[in-house]
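Notes for the structure review
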Amino acid sequence: MAKRVSREGKLVIVTGIPGVGKTTVLNSAISYCKESMIDVIHINYGDLMFEEAIANGLVKDRDEMRRLSINHQISLQLNAANRIRSISEKNNVLLDTHMFIRTIDGYMPGIPIWIAESLMPDTIVLLEADPESISRRRRKDAGIRNREEDSPQKIEEHQLMGRAGAASLAILTGCTVLIVENREGEHEAAGRAIASLFRRQ
Ligand code: ATP
Ligand code: MG
């Protein structure tokens, strides 16, 4: 059974449904860390998986990733986890990822137990917002990103799945769970709440 690991840095996994504002908020969190002279590496899990998928000729664009077979996604996930684990042994890491990815076969966990046991995060952050704001943010990015259109009920369901997933991982790995609200126009405050996880002891 896995136990909390001792490492030089902290591994904080930031999850939230597409369009909630993870990347935006993490950029603020990184700026706060810089101001406090705390080194943190920002890793986007999807970017690592995408690099690998491109190298293997599996996809041409980022949003095709969701349509890959589950087996392909699992092997891309595992390879990325191993890379992140070794980076986090010596560095603080903020990992930008999803708790559940909607696929044609249903919700696929972004952090199944074999990935969690490889990563052994210190904290999982759940970034949340009200469904209306998330829909608006997705529509705003429609030309740049090809995100799914969802009803407010589906958005709420997806966020509830995220909470269930974080709670399960906390029980299984001993990590803590921090719920952060990304209120409209207040991504900097959300970033500050995340950056404070790296405050010096
Ligand atoms: P994905 O999982 O698809 O990568 P994401 O969670 O990283 O999505 P972002 O790309 O950071 O989401 O943000 C989506 C949109 O929401 C962007 O247009 C961003 O500018 C906007 N946004 C993020 N946070 C806020 C906020 N607090 N208030 C208003 N708009 C926001
Ligand atoms: Mg993002």
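See the structure above.
Throughout what follows, the structure given in this document is the object of discussion. What you see as residue numbers is a count from 1 along each chain, following the sequence as written. Throughout, the order in which chains and ligands are written sets their labels, letters from A for the former and numbers from 1 for the latter. Restriction of local features to residues with pLDDT of at least 70 applies here, the model being predicted, together with a cutoff of 80 or more for giving and counting side-chain atom pairs; totals for whole chains, interfaces and linings are based on all residues. Remark: hydrogens and water are excluded; side-chain values derive from all non-hydrogen atoms of the structure.

One heavy atom suffices: a residue is near a molecule or strand as soon as one of its heavy atoms comes within 4 Å of it. Around ligand 1 sit 20 residues in total, of which Lys22, Thr24, His98, Asp141 and Arg147 are the nearest. In the model, an oxygen atom of ligand 1 is placed 3.5 Å from a nitrogen or oxygen of the Val20 main chain. Asn182 is positioned such that a nitrogen or oxygen atom in its side chain is 2.8 Å from a nitrogen atom of ligand 1. Relative to its unbound accessible surface of 650 Å², ligand 1 loses 87% to contact with the protein. Applying the majority rule of atoms within 2 Å of the grid points places ligand 1 in the largest pocket. Helix and strand definitions follow DSSP, with helices as H or I runs of at least four residues and strands as E runs of at least two, each counted in order from the N terminus. Put simply, the parts of the chain that give the shell around ligand 1 at least two residues each are α1 (22–35) and α5 (131–140). At three residues, the largest contribution of residues to the shell around ligand 1 is made by α1. Each residue receives one of three labels: charged for Asp, Glu, Lys and Arg, nonpolar for Ala, Val, Leu, Ile, Met, Phe, Trp, Tyr, Cys and Pro, and polar for the others, Gly being one of them. Of the residues that constitute the shell around ligand 1, the class distribution is three nonpolar, eight polar and nine charged. Polar contact criterion, stated in full: a pair of N or O atoms within 3.5 Å, where within protein one must be able to donate a hydrogen and the other to accept it, and residues adjacent in sequence count only if both atoms are side-chain atoms. Reported accessibility uses the Shrake-Rupley method at a 1.4 Å probe radius. Residues are deemed covered only where the shown protein chains occlude them. In this analysis the probe radius is 1.4 Å and the grid spacing 1 Å, with only protein atoms considered; a cavity is a set of points the probe fits into but cannot get out of, a pocket is an open set with protein on both sides within 12 Å along at least five of seven lines, and lining residues have an atom within 4 Å of a point. A cavity or pocket is said to hold a molecule if more than half of that molecule's atoms lie within 2 Å of its grid points.

Turning next to the sheet that holds strand β1 (residues 11–15). Pairing between strands requires that DSSP locate at least two bridges from one strand to the other. Taken in spatial order, the five strands of this open sheet run β2-β3-β1-β6-β7, and their pairing is parallel. Sheet topology places β2 (40–44) and β7 (176–181) at the edges, where each strand pairs with a single neighbour. Averaged over neighbouring strand pairs, the angle between their axes works out to 20° when direction is ignored. The pairing of β2 with strand β3 (residues 92–97) spans five bridges and is classified as parallel. Paired with Asn44 across the bridge in β3 is Asp96. Every axis corresponds to a line fitted to the C-alpha atoms, with the helix fit spanning only the stretch in contact, and the corresponding angles, defined between N-to-C directions, vary from 0 to 180 degrees.

For α1, which comprises 14 residues, the first-to-last C-alpha distance of 20 Å matches the rise-based estimate of 20 Å (1.5 Å per residue) to within 8%. Buried, partly exposed and exposed residues are distinguished by accessible area as a fraction of the type maximum, computed with a 1.4 Å probe on protein chains only: under 20%, between the cut-offs, and over 50%, respectively. Along α1, the residues classified as buried are Lys22, Val25, Leu26, Ser28, Ala29, Ile30, Tyr32 and Cys33. Contacts are assigned to residue pairs with any non-hydrogen atoms lying within 4.5 Å of each other. Buried positions along α1 lie against β1, β2, β3, β6 (123–128) and α7 (187–195). Positioned one or two residues after α1, Met37 has a phi angle of 60°, which is positive. For a helix, the expected span equals 1.5 Å multiplied by the number of residues minus one.

Salt-bridge detection follows one rule: a side-chain nitrogen of Lys or Arg within 4 Å of a carboxyl oxygen of Asp or Glu. Applying the stated criterion across every chain yields a total of eleven salt bridges. Between Asp150 and Arg102 there is a salt bridge, with the nearest N and O atoms lying 2.4 Å from each other. Linking Asp150 in the loop between α5 and α6 (152–173) with Arg102 in strand β4 (residues 100–103), this pair joins segments that are 48 residues apart in sequence. A relative accessible area of 15% means that Asp150 is categorised as buried. Among the salt bridges present, the one from Arg147 reaches Asp141, with a minimum N-O distance of 3.0 Å.

Take the layout of surface pockets next. Grid points are joined across faces, edges and corners, and a volume is the space filled by probe spheres set on the points. Counted as a void, the largest pocket has a volume near 960 Å³. In terms of lining, the largest pocket is formed by 41 residues, of which the most central are Pro18, Lys22, His98, Arg145 and Arg147. Mapped onto the lining of the largest pocket, the elements with two or more residues apiece are α1, α2 (45–55), α3 (70–88), β3, β4 and α5. With four residues, α5 is the largest single contributor of residues to the lining of the largest pocket. Class assignment for the residues of the lining of the largest pocket results in eight nonpolar, 15 polar and 18 charged.

Bringing the packing of α1 against α7 into the picture now. How two helices sit against one another is set out by the angle between their axes and by the gap between those axes. Where α1 meets α7, the axes come as close as 7 Å, and the angle between the chain directions of the two elements is 55°. It follows from the interaxial angle that α1 and α7 lie oblique. The chirality of how α1 crosses α7 is right-handed. Judged by residue contacts, Thr24, Val25, Leu26, Ser28, Ala29, Tyr32 and Cys33 of α1 engage His187, Glu188, Ala190, Gly191, Arg192, Ile194 and Ala195 from α7. Here the contact of α1 with α7 is composed, by residue class, of eight nonpolar, four polar and two charged. By the definition adopted for this analysis, an angle is roughly parallel if under 35 degrees, roughly antiparallel if over 145, roughly perpendicular if from 65 to 115, and oblique otherwise. Here is the rule for handedness: rotate from the far helix to the near one, and if that takes an anticlockwise turn smaller than a right angle the crossing is left-handed, while a clockwise turn gives right-handed.

Everything listed is a geometric property; what it means functionally is a separate question.
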